[in-house]
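# Observations on the model geometry
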Amino acid sequence: MRGKSHLLLAIPLYVLSVKYLSHAQELLLSPFFALYCLTAMVGALFPDVDWAIDRVIPGFGHRNPLTHSLLGPLLLYIPIFIYKVSHPLLTNSYNAFTFGIATHLFGDLVKRGNLTWVKSRKQEHAWYILNGAVLVVLLSMTEFLKALPLGTSIINFINTFS
Ligand SMILES: [Zn+2]
């Protein structure tokens, strides 16, 4: 999949999942919802920064397993966890970004994967599915985490959406 297709996949999926899967449908009415959509778009395009990295580090390749993985969201999650970031603007943006990456990984499954450093098609598919699935689990966990151990009750959290 190329950039435009990734966006066409990510945006409707993000909107639908907020509406039907998340515990925070209020997001749809938030004045910042456009920002979250934008962050989901950035996430949907993020794994393909490997094009740019390949220019600096020859051999890094397009569809590099490092950018086409859960590594980015995991690294971003470290400061969120350490500093107990609970501001809805940041946690929702983080979720949208992570969601975008997950859709990118599942999107790259559809056509030929061509992961750098990975020779077999089976391993490519396993890589995309495993990383995408863990991100989906991580998303449902952060939905939970941002409301509980980070110091705000669920009620407070929902009330502070904006
Ligand atoms: Zn890609």
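Residues numbered from 1 in each chain as written. Predicted model: local features only at pLDDT ≥ 70, side-chain atom pairs only at ≥ 80, totals over all residues. Heavy atoms only, no water.

## Topic: the coordination of the zinc ion
Every protein donor of the zinc ion is listed here as Asp48 (OD), His68 (NE2), His104 (NE2) and Asp108 (OD), and their distances to the metal cover 2.1 to 2.4 Å. Here the zinc ion is ringed by four donor atoms whose angles at the metal span 87 to 174 degrees, and the overall shape comes out irregular. In terms of primary sequence, the donors binding the zinc ion are separated according to D-x19-H-x35-H-x3-D. One end of the pair, His68, is in the loop between helix 3 (50–56) and helix 4 (71–82); the other, His104, is in helix 5 (residues 88–110), with 36 residues separating them in the sequence. Per residue, the accessibility class of His68 equals that of His104, and both read buried. (Donors = N, O, S within 2.8 Å, 3.2 Å for Na, K, Ca; no water. Tetrahedral: all angles 85-135°; square planar, octahedral: opposite > 155°, others 65-115°. Helix = DSSP H or I, 4+ residues; strand = E, 2+ residues; numbered from the N terminus. Buried < 20%, exposed > 50% of the residue type's maximum accessible area, 1.4 Å probe, protein only.)

## Quick look at helix 1 (residues 3–20)
Look at helix 1: 26 Å from first C-alpha to last across 18 residues, which is about the 26 Å you get at 1.5 Å a residue. For helix 1, the set of buried residues is His6, Ala10, Tyr14, Ser17 and Val18. Within helix 1, the buried residues cover an arc of 95 degrees as seen down the axis, which keeps them to one side. Facing away from the buried side of helix 1, by more than 90 degrees, are the exposed residues Lys4, Leu8 and Tyr20. Where helix 1 is buried, its residues contact helix 2 (33–45) and helix 5. (Expected span 1.5 Å × (residues − 1). Arc of directions from axis to C-beta. Contact = heavy atoms within 4.5 Å.)

## Section: the environment of Pro88
Checked against the element boundaries, Pro88 lands in helix 5. For Pro88, a relative accessible area of 7% translates into the label buried. Residues Pro88 and Leu27, 61 residues apart in the sequence, show an inter-C-alpha distance of 9.9 Å.

## Re the layout of surface pockets
Here the idea is plain: a probe the size of a water molecule rolls over the atoms and shows the empty space left. Volume-wise, the largest pocket comes out at about 450 Å³. Along its surface, the largest pocket is lined by 21 residues, and Ser17, Leu21, Ser22, Phe99 and Leu139 are the ones closest to its centre. Mapped onto the lining of the largest pocket, the elements with two or more residues apiece are helix 1, helix 5 and helix 6 (121–145). Tallying contributions element by element places helix 5 first for the lining of the largest pocket, with seven residues. Counted by class, the lining of the largest pocket contains 12 nonpolar, seven polar and two charged residues. (1 Å grid on protein atoms, 1.4 Å probe; cavity = no way out; pocket = protein on both sides within 12 Å on 5 of 7 lines; lining within 4 Å. Points joined across faces, edges and corners; volume = space filled by probe spheres on them. Nonpolar A, V, L, I, M, F, W, Y, C, P; charged D, E, K, R; others polar.)

## Some words on the pattern of salt bridges
What the rule picks out here adds up to two salt bridges. The closest approach of N and O atoms between Asp108 and Arg63, which form a salt bridge, is 3.2 Å. With Asp108 in helix 5 and Arg63 in the loop between helix 3 and helix 4, this pair connects stretches of sequence that are 45 residues apart. Exposure remark for Arg63: the relative accessible area of 8% places this residue in the buried category. We note a salt bridge from Arg121 to Glu124, for which the minimum N-O separation is 3.2 Å. Residue Arg121 and its partner Glu124 are both found in helix 6; the two are separated by three residues, about one turn of the helix. A residue is classified by how much of its surface remains accessible, and Arg121, at 40% relative accessible area, is partly exposed. (Salt bridge = Lys/Arg side-chain N within 4 Å of Asp/Glu carboxyl O.)

## Digging into the nonpolar core
Grouped together as the largest cluster of nonpolar side chains are 15 residues, with contacts concentrated most on Ile80, Tyr94, Ile101, Leu105, Tyr128 and Leu135. Secondary structure elements with two or more residues in this core: helix 4, helix 5 and helix 6. Counting residues per element, this core draws most heavily on helix 5, which supplies six residues. Setting aside anything within four residues of it in sequence, one finds Ile101 in contact with Gly43, Ala44, Phe46, Pro47, Ser69, Pro73 and Leu135. (Core = buried A, V, L, I, M, F, W, Y, C linked by side-chain atoms within 4.5 Å.)

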